[in-house]
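Architecture at a glance
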Amino acid sequence: QVQLVESGGGLVQAGGSLRLSCAASGSIPDINTMNWHRQAPGKQRELVAGITNGGMINYVDSVKGRFTISRDNAKNTVYLQMNSLKPEDTAVYYCNLHDAYYPYFDYWGQGTQVTVSS
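To start, this report covers the structure provided alongside it.

Examining the overall build of the chain
- Looking only at helices and strands, the chain has zero helices and eleven strands in total.
- Secondary structure of the chain in N-to-C order comes out as β-β-β-β-β-β-β-β-β-β-β.
- Here the chain has a C-alpha radius of gyration of 14 Å; the compact-globule value for 118 residues is 13 Å, and the two agree.
- Each of the three principal axes of the chain carries a C-alpha extent, and together these read 45 × 25 × 25 Å.
- A buried classification covers 41% of the 118 residues belonging to the chain.
- In the chain, 52% of the contacts between residues at least 6 apart in sequence involve partners at least 24 apart.
- Carbon and sulfur atoms form 51% of the exposed surface of the chain, whose accessible area is close to 6,200 Å².

Below you can see the structure in the form of structure tokens.
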């Protein structure tokens, strides 16, 4: 089993910045992708950004140029630096670890609230 603990959410004004962290512990698979997802009220959960332990990165179009994902493999921690925040970024942000080996388990954190005021 893998445990994920997120931190760093909060309330910020539009244009501000926040940094989310997610620390993984337990039986962490050697090859994995760590992702940040978000879910706004009344909307489906969406993938915001992901990074493999080899450093390959992807972002959803709406956050490109504003958010930066990074990871420290030695600490089994993934970060999401969020700049130029907009009210539409308001959501619960979830950390996810995807096991690249069959049967491709997904592990989830408890979520952290990000609220951007206008």
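Some thoughts on the sheet that holds strand S8 (residues 77-82)
- The sheet built from four strands is open, its strands ordered S1-S3-S8-S7 with antiparallel pairing. Each of the sheet's edge strands pairs with one partner strand only, and the pair in question is strand S1 (2-7) and strand S7 (67-72). For this sheet, the mean angle separating the axes of adjacent strands, direction not counted, is 15°.
- Of the pairings in the sheet, the one linking strand S3 (residues 18-26) to S8 comprises six bridges and is antiparallel in character.

Brief notes about the environment of Gly-54
- Along the chain, Gly-54 falls in the loop between strand S5 (46-52) and strand S6 (57-59).
- With 33 residues separating them in the primary sequence, Gly-54 and Ser-21 have C-alpha atoms 19 Å apart.

Looking at the nonpolar core
- In terms of nonpolar packing, the biggest core is built from 27 residues, with Leu-4, Trp-36, Leu-80, Met-82 and Tyr-93 touching the most fellow members.
- For this core, the elements supplying multiple residues, two or more each, are S1, S3, strand S4 (32-39), S5, S7, S8, strand S9 (91-99) and strand S11 (112-117).
- With sequence-adjacent residues up to four places away left out, Leu-80 is seen in contact with Leu-18, Arg-19, Leu-20, Trp-36, Val-48, Ala-49, Phe-67, Thr-68, Ile-69 and Tyr-93.

Conventions adopted
Residues numbered from 1 in each chain as written. Predicted model: local features only at pLDDT ≥ 70, side-chain atom pairs only at ≥ 80, totals over all residues. Heavy atoms only, no water. Helix = DSSP H or I, 4+ residues; strand = E, 2+ residues; numbered from the N terminus. Rg over C-alpha atoms; globule rule 2.2 N^0.38 Å. Buried < 20%, exposed > 50% of the residue type's maximum accessible area, 1.4 Å probe, protein only. Contact = heavy atoms within 4.5 Å. Areas by Shrake-Rupley, 256 points an atom, 1.4 Å probe, with all protein chains shown as cover. Pairing = 2+ DSSP bridges. Axes fitted to C-alpha atoms, helices over the stretch in contact; angles between N-to-C directions. Core = buried A, V, L, I, M, F, W, Y, C linked by side-chain atoms within 4.5 Å.

Shape is all these values report; function is a separate question.
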